[in-house]
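As a plain string of letters, each chain reads:
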Amino acid sequence: MDHFSFQQGVLHCEEVDVPSLADRFGTPLFIYSKRTFIEHYDRLHAAFADLNPWLCYSIKSCSNLSICRLLADRGAAFDVVSGGELARAMEAGADPGRIVFAGVGKTDEEIRAALAVDIGWFNVESEAEMANLASIASEMGKTARAAVRVNPDVDPQTHVYTTTGKRETKFGIDLERAKSVFAEFANKPGIAPVGIHVHIGSPVNTIDPYVQAITKTLGLIDELATAGHRVTAINIGGGFGAHYDGGEAPTARAYAERIVPLLAGRELTVLLEPGRCIAANAGVLVARVLYTKASGDRRFLIVDAAMTELLRPALYGSYHFAWPVVPFNGMVPPRRSADVCLDGSVRVDVVGPVCESADFLAKDRMLPPVARGDLICLFSAGAYGFSMSSQYNSRPRPPEILVEGETVRLIRRRETYDDLVSAERL
Ligand SMILES: *Cc1c(COP(=O)(O)O)cnc(C)c1O
């Protein structure tokens, strides 16, 4: 699943031991494995090869320029959700014709910037946005290729905050209304509604919701064809799972085995928007224990990383496997899972220094004994880790390191106190 492993009782990223990285770059610290990124991308590519799809890497999952460049070099297309992400994709050398732009609230300025570089597709989320996009594109003498984002009313059985394909969410247009959108905009200048986009949520660790959503969407495409509207592309979104709790995500091949037969032979360009399944297991967050503390029957490990570096536990109650980088007495976990409990473990909460009760990274875990100064690793932090980080409590953001074999590269330096205030010195 990744290239983070314990070798002689010490956590390594590929061939490099993690304590040496923590000494050299300080903590908290994000460490990525290049090999893991590439393998995850290549596995998806191979699994879906029969459809020859656009694999649009979802930049918001892990946005670092070097990571985007790495995937662009590998042939990835890109999924962006803001003008800032568009700028990143362009700087990373993405082919603009293979960029798709999603999001319910694109500003006029963002739409203009995307039209100016002739991006591949706009994923459009409402009638009002269609009208605005058509009018801006006409003004600029362009025609925007639009994929109408439909809301298939499928329950992906994931967290309510990351469910996007149910009727009650803010995303997309329901299937019935999608037909009238095609009727209304088919012949309007400035816009070519020739695609359908469907993204049901994330992470979706079962395949049935995809099958349901794609089947409903293909039904809509057939109905549209009957009404004289030819759809040429289907974008099935992202949301494929990652391994947070040791092996819960289906493999790329398992998703493909059910999805490819639905789409093969349909003469549709197929787009996917994977983020998490490429990035999550390719990165970890390393923190140092500042203090240990007991309060009643609870024991806390207070570490130097916080919700500012890894927001997912605070935001969604997400689970990240935590373990000491050099476990006491060689207590190496047999697998990365919530139910690992070795003799001599102690029950702890891993918390950060930020002034919020939601500032925890791992709760109620059985860990080997840990002392002040020890390093703790939070696994599967490559997706929605750094990219959701903030400077709350005026904490400079941590550095990001990319490891390839024995080679270590700093791909984002640690922010300084000066970075915290420089935009305010006017
Ligand atoms: C966030 C998002 C994705 C990526 O989701 P992952 O779970 O990272 O694969 C893809 N498409 C859209 C529209 C999104 O909002």
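Residues numbered from 1 in each chain as written. Predicted model: local features only at pLDDT ≥ 70, side-chain atom pairs only at ≥ 80, totals over all residues. Heavy atoms only, no water.

## Looking at the pairing of strand E20 (residues 400-404)
- With four of its five residues buried, E20 lies for the most part within the structure.
- The pairing of strand E4 (residues 29-33) with E20 spans four bridges and is parallel. Within the sheet, the bridge partner assigned to Ser 33 lies in E20 and is Val 403.
- Pairing geometry for E20 and strand E21 (residues 407-412), over five bridges, is antiparallel. If you follow Leu 402 over to E21, its bridge partner there is Arg 409.
- Taking the residues between adjacent antiparallel strands as the criterion, E20 and E21 are bridged by two residues, where Gly 405 takes a positive phi near 60°. (Buried < 20%, exposed > 50% of the residue type's maximum accessible area, 1.4 Å probe, protein only. Helix = DSSP H or I, 4+ residues; strand = E, 2+ residues; numbered from the N terminus. Pairing = 2+ DSSP bridges.)

## Quick look at the domain arrangement of the protein
- Parsing the protein into structural domains produces domain 1 (4-32 + 280-424) and domain 2 (34-277).
- If you average the C-alpha positions of domain 1 and of domain 2, the two centres end up 32 Å apart.
- In this assembly, domain 1 packs against domain 2 so that about 2,200 Å² is buried in total across both faces, 53% of it on carbon and sulfur atoms.
- For the domain 1 face of the interface with domain 2, the top three residues by lost area are Asn 281, Tyr 316 and Tyr 384, together amounting to 26%.
- Counting the contacts that link domain 1 with domain 2 gives three salt bridges.
- A salt bridge links Arg 35 to Glu 14, with the shortest nitrogen-to-oxygen separation between them at 3.7 Å. (Domains from an automatic or database assignment. Buried area = accessible area lost by both parts, 1.4 Å probe. Salt bridge = Lys/Arg side-chain N within 4 Å of Asp/Glu carboxyl O.)

## Structural notes on the nonpolar core
- Residues Ile 31, Phe 37, Phe 48, Tyr 57 and Phe 122 are the most contacted members of the largest nonpolar core, which totals 125 residues.
- The element best represented in this core is helix H8 (residues 208-226), accounting for eight residues.
- Residues lining this core come from more than one domain, with at least three contributed by each of domain 1 (4-32 + 280-424) and domain 2 (34-277).
- Beyond its immediate sequence surroundings of up to four residues, Tyr 57 is in contact with Phe 37, Cys 62, Ile 67, Leu 71, Ala 76, Ala 77, Phe 78, Asp 79, Pro 274, Gly 275, Ile 278 and Ala 279. (Core = buried A, V, L, I, M, F, W, Y, C linked by side-chain atoms within 4.5 Å. Contact = heavy atoms within 4.5 Å.)

## Digging into the site of the ligand
- Of all residues adjacent to the ligand, which total 14 residues, the nearest are Lys 60, Ser 202, Glu 273, Arg 276 and Tyr 384.
- Within the backbone of Arg 276, an N or O atom sits 2.7 Å from an oxygen atom of the ligand.
- The contact in question runs from an oxygen atom of the ligand to an N or O atom on the side chain of Tyr 384, over 2.6 Å.
- For the ligand, whose accessible area on its own is 380 Å², the fraction buried by protein is 92%.
- For the shell around the ligand, the class distribution of residues is two nonpolar, seven polar and five charged. (Near = heavy atom within 4 Å. Polar contact = N/O pair within 3.5 Å; in protein donor to acceptor, adjacent residues only side chain to side chain. Areas by Shrake-Rupley, 256 points an atom, 1.4 Å probe, with all protein chains shown as cover. Nonpolar A, V, L, I, M, F, W, Y, C, P; charged D, E, K, R; others polar.)

## Digging into a nonpolar patch on the surface
- A grouping of Val 160, Tyr 161 and Leu 315 is seen on the molecular surface, where their side chains present a nonpolar patch of about 330 Å² in accessible area.
- Mapping Tyr 161 onto the fold places it in the loop between strand E9 (144-151) and strand E10 (173-174).
- By relative accessible area, Tyr 161 is classed as exposed at 58%. (Patch = residues over 30% accessible without salt bridge, like charges linked within 9 Å, V, L, I, M, F, W, Y side chains within 5 Å.)

## Here's the deal with the side chain of Ser 389
- Relative to the assigned elements, Ser 389 resides in the loop between strand E19 (375-378) and E20.
- At 2.7 Å, the side chain of Ser 389 forms a polar contact with the backbone oxygen of Phe 386.
- Discounting residues that sit within four places of it in the chain, Ser 389 has contacts with Thr 308, Glu 309 and Arg 397.

## Quick word on the confidence of the model for the protein
- Across the protein, pLDDT averages 96, with 100% of residues at or above 70.
- The spread of mean pLDDT over the elements of the protein runs between E10, the lowest at 91, and E4, the highest at 99. (pLDDT = per-residue confidence, 0-100.)

## Description of the environment of Gly 84
- Secondary-structure assignment places Gly 84 in helix H4 (residues 83-91).
- The exposure class of Gly 84 is partly exposed, given its relative accessible area of 45%.
- Remark: the alpha-carbon pair of Gly 84 and Glu 110, spanning 26 residues in sequence, is separated by 8.7 Å.

## Quick look at the pattern of salt bridges
- Applying the stated criterion to the full structure yields 23 salt bridges.
- Bridged by salt links that share partners, the residues Glu 14, Glu 15 and Arg 35 form one connected network.

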